[in-house]
Structures are given as structure tokens and as C-alpha cells.
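So the chains spell out like this:
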Amino acid sequence: MSCFKGDINFCPECGNILPVPDMRDVVVCPRCSFNISVREFLGHVIKSTVIFNPLEQSSSTVESEDSELTGPVVDRRCSRCNKEGMVYHTRQMRSADEGQTVFFTCTHCRYQEKEDS
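Treat the numbers as computed from the prediction; the structure is a model and nothing was measured. (Residues numbered from 1 in each chain as written. Predicted model: local features only at pLDDT ≥ 70, side-chain atom pairs only at ≥ 80, totals over all residues. Heavy atoms only, no water.)

1. Comments concerning the state of the cysteines
So, point 1. On inspection of all chains with the given rule, the structure shows zero disulfides.
So, point 2. You can see cysteine 14 has no disulfide; the closest cysteine sulfur is in cysteine 29, sitting 3.6 Å from it.
So, point 3. Under the relative-accessibility criterion, cysteine 14 is labelled partly exposed at 26%.
So, point 4. For cysteine 109, which is in no disulfide, the shortest distance to another cysteine sulfur is to cysteine 78 and amounts to 3.8 Å.
So, point 5. Cysteine 109 gets classed as partly exposed once you look at its relative accessible area, which sits at 25%. (Disulfide = S-S within 2.5 Å. Buried < 20%, exposed > 50% of the residue type's maximum accessible area, 1.4 Å probe, protein only.)

Following this line, the structure appears as C-alpha cells:
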């Protein structure tokens, strides 16, 4: 038995979340192999909640016509219309050990440029 006392849902040795008790006689911590009798969980109610993201925040929704113009605006001159002000966003297009690609969209003519960093 451990020398620490805490919430029954956490391993008293390493602090890892303990799995939900099942049909076995003991609950074993998947991290440090500490085990506790399933009898310790008698009388404890285990509740879980699933919260879904709203549909309008989902990435699978259809983008509006002006969605490409959302984001931070930087002082960058458009190479097509020569006006100042472009919106940008970044994406990791290559392997993780290489820099991100920055996409710029002109707020005036909507011309798009990209820059590899």
C-alpha cells in the first residue's frame, strides 16, 4: 500500500489517472504498475461526460466567401496591386524539422502569396 493519500481516481504513487474498475479484483496503474483492490472503489460513483463541439466551429463546415480574410493583418505590400495590408496564416506543409509555410492574402485584391520559412 502507498504512503500517500489522495483522490481515489489517481494513482497514489505516480499521480497517473487510474483506469475504471472492471471485473478483475485489482485496479492496476498503467504507468507504474501500482495496484489497489477493487473494494476500495465501493460506494464511489464514476461519471463521465462527452461534450461535442458546435457544428459551426467544426472544420468540416463550408467556409464563407470572406473566410480567407480572417486573421491578423500585417504591413506587407501586395505584389499584384501594390497596396499595403495582407492577412496571413501558417501551415506545416513539410516535415516537422523544417519551417512553416506562411500564406498571405491581400485585403484589397485577394491575391495570394506564399513564403517558406
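2. Quick word on the pairing of strand E5 (residues 101-106)
So, point 1. Judged by how many residues are buried, E5 sits mostly within the fold: five of six residues are covered.
So, point 2. Here strand E4 (residues 84-91) runs beside E5; their pairing, made up of six bridges, is antiparallel. Residue pairing in the sheet places tyrosine 88 in a bridge with phenylalanine 104 of E5.
So, point 3. Linking two consecutive strands that pair antiparallel, namely E5 and strand E6 (residues 112-116), is a turn of five residues; a positive phi of about 65° is found at arginine 110 within it. (Helix = DSSP H or I, 4+ residues; strand = E, 2+ residues; numbered from the N terminus. Pairing = 2+ DSSP bridges.)

3. Details of the nonpolar core
So, point 1. Residues Ile8, Cys11, Leu18, Val27, Cys29, Phe34, Ile36 and Phe41 constitute the largest nonpolar core, which totals eight residues.
So, point 2. Not counting the four nearest positions on each side in its chain, cysteine 29 is found in contact with Cys11, Cys14, Asn16, Leu18 and Phe34.
So, point 3. Formed by five residues, the second largest nonpolar core is a distinct cluster that contains Cys78, Val102, Phe104 and Cys106. (Core = buried A, V, L, I, M, F, W, Y, C linked by side-chain atoms within 4.5 Å. Contact = heavy atoms within 4.5 Å.)

Nothing here speaks to function; it is all geometry.
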